[in-house]
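Listed here are the chains, written in short residue letters.
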Amino acid sequence: MNVSRSTKTIQGRKHRLPKSINKRETLTPPFPQSTQAKEINCDRTHNFYDICSINGPTVLDPTTSTFFLMDPTISTPQKPMVEKLRPYPRKWESFTMPRVKEVALISGPSSPKCKIQHKAPALVFSAGGYTGNFFHDFNDGFIPLFITVNSVYPNQDVVLVISKARDWWVSKYTEIIHTFSKFPIIDLDNDNTTHCFPSASVGMISHGFMTIDPKLTPNSITFTHFRAFLDKAYGQNQTQNQNYPSKFKHSKSRPILVLASRSVGVGRVLLNQNEVKLEAEKIGFNVTVFEPRTTTPLKESYALINSSHAMIGIHGAALTHSLFLRPGSVFVQVVPLGAEWVSQVCFEKSAKDMGLVYMEYRIKAEESSLIEKYDKDDMMIKDPVAYRGKSWSPEVMSIYLKEQNVKLDLVRFREYLKEMYKEAKKFMDKEG
């Protein structure tokens, strides 16, 4: 792996969002864990993240969010090494990162006494930033965490040390957290006891939006492996047993279509949802309308989605539930005006990587509510790509993601439903 083993920090570069996202950066695998020199190593060369490691026994003082390297090989008490980073993989966002707690790594001169000894290494990250948005919980959280665990500590137990590990978040994702680690988490914000570890890694590795690049991981892991990880967390084929939620039970004779719904007032609402549901039922689907709430248990959502044969919805965070679809099932993303790029990077690539039958329905201007607010010859309506340019600014996001609702052309959309049904029926006959 072409990464320096020096204790000197590799200095980072300034990056802007369009370049770092639209043009994939050349990433290097993370540094391996050393069993020799007791030192601190940092890699700050990536657009998305910084990551540091302590190779050697370390003591965590959670009251100051500081890791102390015990008996460093290179640094001296007179000249200790100090590294600081914010362990959240949105490095380029200057308005987000200051809200993420900083973690320090110090090589001396002396460390506090250890009160709790752990045999497994520490893996440190933040559940802050955009946590609470379902898409970001996975894109900025669990997918980077999966990459990091399999890159830095493959086939090893780890102790998760988490900043912003709020009770509701831990409760919602308890199955995923426990699948990552069999040990209780350490809450970096509410713990006042010193902990000792054989080593530590601070930060999470990201390969980009909703993606895993097997060329950058030691074991060539793919998005399919992450999908299998979710099956392990929520119980593979649990939808076939008695634990399947009774309120979602339905006939097995017709393909099951999950229609992801959005609340009125948040943008990208399907205005003729009832008519779309009726059309899908006429085609032959057994339709379940799914509007996830913050209080919806994730294992319940998994059970519904994993038992279905097709899923459809307008671009938005709820489509992150497509991660629960079985390979071979059908996933259709309705793309609003101006959302072509964000729809591709958020859900199209991951769907294809998971082996889903991916389709998208790009609406026309007449199907957008924006036509009621702006002139049809306005560049915003006529050519959203040119209007947006290379910038995905808050102003652009507000127009296309918050101001816009959708009313599908049922005649045009019916042809998509027919193709969906054909693929879903084929999948149902094969997989059940």
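Residues numbered from 1 in each chain as written. Predicted model: local features only at pLDDT ≥ 70, side-chain atom pairs only at ≥ 80, totals over all residues. Heavy atoms only, no water.

The name given to the protein in an unreviewed UniProt entry is Glycosyltransferase 61 catalytic domain-containing protein, and the organism recorded there is Castanea mollissima. UniProt annotates the protein under Subcellular location (unreviewed entry) with the comment "Golgi apparatus membrane". (UniProt positions renumbered as here; feature names shortened; annotations may be inferred.)

### Some points on the state of the cysteines
Considering all chains together, one arrives at two disulfides under this definition. Disulfide pairing is shown between C42 and C52; the S-S distance is 2.0 Å. Negative torsions about the S-S bond denote left-handed disulfides, and the value of about 110° found for C42 with C52 makes this one right-handed. Taken together, the positions of C42 in strand β1 (residues 39-43) and C52 in strand β2 (residues 51-55) put the pair 10 residues apart, joining distant regions of the chain. With relative accessibility at 0%, the residue C52 sits in the buried group. A sulfur-sulfur distance of 2.1 Å marks the disulfide that ties C114 to C196. Of this pair, C114 sits in the loop between β6 (103-106) and β7 (116-117) while C196 sits in strand β11 (residues 195-197); the two residues are 82 residues apart in sequence, bridging distant segments of the chain. A residue is classified by how much of its surface remains accessible, and C196, at 4% relative accessible area, is buried. Along the protein, the cysteines engaged in disulfide bonds are linked according to the scheme 1-2, 3-4 when indexed in sequence order. (Disulfide = S-S within 2.5 Å. Helix = DSSP H or I, 4+ residues; strand = E, 2+ residues; numbered from the N terminus. Buried < 20%, exposed > 50% of the residue type's maximum accessible area, 1.4 Å probe, protein only.)

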